[in-house]
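Chain residues, written in single-letter form:
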Amino acid sequence: QVHLVESGGGLVQPGGSLRLTCTASGSIRRPYYMGWYRQAPEKARELVAKIRSNIGTTNYGSFLEGRFTISREDADNTVTVYLQMSDLKPDDTAVYYCNLNPFAGAAYWGQGTQITVSS
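Residues numbered from 1 in each chain as written. Predicted model: local features only at pLDDT ≥ 70, side-chain atom pairs only at ≥ 80, totals over all residues. Heavy atoms only, no water.

(A) Region of the structure containing the state of the cysteines. Counting across every chain of the model gives 1 disulfide. Covalently, Cys22 is tied to Cys98 through a disulfide, its sulfur atoms 2.0 Å apart. Taking the torsion about the S-S bond as the criterion, the Cys22 to Cys98 disulfide, at about -90 degrees, is left-handed. Here Cys98 lies in strand S9 (residues 94-102) and Cys22 lies in strand S3 (residues 18-26), a separation of 76 residues in the sequence. Residues Cys22 and Cys98 agree in their burial class; the two are buried. (Disulfide = S-S within 2.5 Å. Helix = DSSP H or I, 4+ residues; strand = E, 2+ residues; numbered from the N terminus. Buried < 20%, exposed > 50% of the residue type's maximum accessible area, 1.4 Å probe, protein only.)

Structure representation (structure tokens):
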């Protein structure tokens, strides 16, 4: 069993920055991808960023234009992923979900954290 804990959402003004943190603990199968997806009202869930275990390959949503950076800390039974977000725009307003997706076995989702970009 794997447990995901998210933190770091909130209200920010346009142009501001936030950092999201997600910690996975438990029986984490490797290799995996871990990262963030988001879902705005009446829109489909989309990839924001993800990072692969071991080699650290990253993938980003095409809409980001270099504004976000994902990083990872990996221990035996825990993995923490950080999403540093800068130059936030109103279109970034959404619920952000942490995702752990092992290459083998079930994927796991966090409960989601709201980010609102508004003046």
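(B) Representation of the pairing of S3 in the model. Bridge analysis of strand S1 (residues 2-7) against S3 gives 6 bridges, and the strand direction is antiparallel. Note on S3: the bridge partner recorded for Val5 is Thr23. For S3 and strand S8 (residues 78-85), the ladder comprises 8 bridges, and the chain directions are antiparallel. Residue pairing across strands places Ala24 opposite Val79, the latter belonging to S8. (Pairing = 2+ DSSP bridges.)

(C) Broad picture of the sheet that holds strand S7 (residues 68-74). Read across the open sheet, the 4 strands follow the order S1-S3-S8-S7; overall the sheet is antiparallel. The sheet terminates laterally at S1 and S7, the two strands that pair on one side only. With direction set aside, neighbouring strand axes in the sheet form an average angle of 15 degrees. (Axes fitted to C-alpha atoms, helices over the stretch in contact; angles between N-to-C directions.)

(D) Just the pattern of salt bridges, in detail. With the rule as written, the count across this model stands at 6 salt bridges. A salt bridge links Asp92 to Arg38, with the shortest nitrogen-to-oxygen separation between them at 2.9 Å. Highlighted residues: Asp92 in the loop between S8 and S9 and Arg38 in strand S4 (residues 32-39), separated in sequence by 54 residues. Residue class for Asp92 comes out buried when judged on its relative accessible area of 2%. Judged by its relative accessible area of 6%, Arg38 falls in the buried class. Put simply, Lys89 and Asp87 hold a salt bridge, and the shortest N to O gap is 3.5 Å. When its relative accessible area of 32% is taken as the criterion, Lys89 is described as partly exposed. On the basis of relative accessibility, which here comes to 38%, the residue Asp87 falls in the partly exposed class. Counted as one network, the salt bridges with shared partners bring together Arg38, Glu46, Arg67 and Asp92. (Salt bridge = Lys/Arg side-chain N within 4 Å of Asp/Glu carboxyl O.)

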